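# Fold and geometry: a report
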Amino acid sequence: MAAGDYDIIWKETMNQIREELGEQEFTMWFNLEYLDASENELTIGVPSTFYQDQVRQRYQLYIEGKIRDLIGKNLTINFIVNARPKEESPAMPIGGEKRTAVSSAKPVPGTETKKRHSQLREDYTFDTYIIGDNNHFAANAAQAVALNPGTTSYNPLLIYGGVGLGKTHLMQAIGNEIHKGSESKIIYITAETFTNEFIQAVRENKTASFKNKYRFVDVLLIDDIHFLQKKIETQEELFHTFNALYDANKQIVFTCDRPVTELKDFSDRLQSRVGRGLNVDLQPPKYETRFAILKKKIETHKITIPDEVIELISRNVSTNIRDLESAMNKLVAYTDIIKKPVTLEIAQEQLRDNFTSPKQSNLSIEIIQREVADYYRLSLIDLKGKKRTQSIVFPRQLAMYIARKLTDYSTIEIGQSFGGRDHATVIHSCDKIEGMIRADPKVDSEIQNIMRSIKTHGVKN
């Protein structure tokens, strides 16, 4: 069979896979380009090494099986990284029309020598982002956005999660990937800086210039939009900026420390716009992912640290990636300054403070947990643990409810403080307690007594 015949086989294979998997999954992962063929092998282009690894792991055997079903012959697929992603999907859809990216990005000749984007960190790429169970969907979604910026189903993209979980890394990876392969005008900015620029523009009567800066870009990346709570005028400006970009099929990406529905003093219509597209969350990394992150960091620094030390850190630092890297940076600095290899004993000594939980502010989740546990004569271990007996489940749900009522912690942060539970569990617990309050006035009275005790404790501390 000639190479050109394999091209036909490849297109038919892609059409069948599109039909089986559906448009969303196909668009996300099958931006593949037929390049060449030999007697027993197909050479297929992919847009990045990150993409290459993911497609190999998820779909290589599946694709090869499809081809075998079509031609009755085993062919091996060899994936290689192209200089840039294609601007259209590789195969003809079932209806016969090509699906093209709606972004106005134009290819740049010689992208391999292109200068880095001035607002983006060079090391924040998909290749340096470690994927685990806690973040795989968010990473996949971010990659899909980078390949097809402006596509309606992924616009806007909201990435939310607690402090230090990699939101900014993932957002900037999108920007870096798009910048690498196009002439798109990309702006990355924090919500705080966006607010300050807007205030200055109003003060200096330069709002027209401000609007032009943000309403005529191809990709707008805004970090930490929870900062915009109570900033009514800035929210209004962002609302109009959003509409201008969205209507022009330009890509918008936000990060936030919580689901947008939990933002306080945030306009309903802006909340509706932000939540219109794809919302993905980042959870604290599990042990295996923490271990992989540290291994990657060690490779980057080209130092030698025993696996038993990496295991020690991975098991004792479970809060977020930032704390994990902080612990490792301390050991890296130690080896640079002292010029001695790191041993398990040295790591235990140097990281003693990293392994203890930081104290929270005046009225903390810990205070709430202790008060509730004392009231119901439980241990903190039971309250935060996995036991599901009614005598424990109710106080646990109640503690989550009170934490949400009396503090500004997000449901993600509350869940993390209760043994790493997700925000959906916290929301369910709060709904359950509210239902009990409506059904039984005695429950409400009991809860009010506990809350008064907690507030008193908070003032004394």
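Computed from a predicted model, the values in this text were never measured in an experiment.

### Focus: the overall build of the chain
- The helix and strand inventory of the chain stands at 19 helices and eight strands.
- When burial is assessed residue by residue, the chain has 50% of its 461 residues classed as buried.
- Residue pairs at least 24 apart in sequence account for 75% of intrachain contacts in the chain once pairs closer than 6 positions are excluded.
- For the chain, the accessible surface area stands at approximately 22,600 Å², while carbon and sulfur atoms represent 48% of it.

### Here's the deal with the pattern of salt bridges
- One pass over the full model with this rule turns up 16 salt bridges.
- Measuring nitrogen to oxygen at the nearest pair gives 2.7 Å for the salt bridge that ties E236 to R269. Linking E236 in helix α8 (residues 232-247) with R269 in helix α9 (residues 268-274), this pair joins segments that are 33 residues apart in sequence.
- Look at R269 and you get partly exposed, because its relative accessible area is 38%.
- Salt bridges sharing partners connect three or more residues here, namely K211, R215 and E237.

### Topic: unusual backbone geometry
- For the bond running from N155 to P156, omega is 0°, close enough to zero to count as cis.
- Take P156: it is sitting in the loop between α4 (136-147) and β4 (157-161).
- In this structure, D224 takes a positive phi of about 65° despite not being glycine.
- The phi angle at D265 is positive, at roughly 50°, despite the residue not being glycine.
- Among the secondary structure elements, D265 is positioned in the loop between β7 (251-256) and α9.
- Look at D265 and you get partly exposed, because its relative accessible area is 47%.

### Digging into the packing of helix α10 (residues 287-301) against helix α12 (residues 321-338)
- Where α10 contacts α12, the axes come no closer than 10 Å and their chain directions differ by 40°. Taken together, the axis directions place α10 and α12 in an arrangement best described as oblique. At the point where α10 passes α12, the crossing takes the right-handed sense. In contact with R290, I293, L294, K297, I298 and H301 of α10, α12 contributes I321, L324, E325, M328, N329 and V332.
- By residue class, the composition of the contact of α10 with α12 is seven nonpolar, two polar and three charged.

Rules and cut-offs
Residues numbered from 1 in each chain as written. Predicted model: local features only at pLDDT ≥ 70, side-chain atom pairs only at ≥ 80, totals over all residues. Heavy atoms only, no water. Helix = DSSP H or I, 4+ residues; strand = E, 2+ residues; numbered from the N terminus. Buried < 20%, exposed > 50% of the residue type's maximum accessible area, 1.4 Å probe, protein only. Contact = heavy atoms within 4.5 Å. Areas by Shrake-Rupley, 256 points an atom, 1.4 Å probe, with all protein chains shown as cover. Salt bridge = Lys/Arg side-chain N within 4 Å of Asp/Glu carboxyl O. Axes fitted to C-alpha atoms, helices over the stretch in contact; angles between N-to-C directions. Parallel < 35°, antiparallel > 145°, perpendicular 65-115°, else oblique. Left-handed = near helix turned anticlockwise from the far one by under 90°. Nonpolar A, V, L, I, M, F, W, Y, C, P; charged D, E, K, R; others polar.

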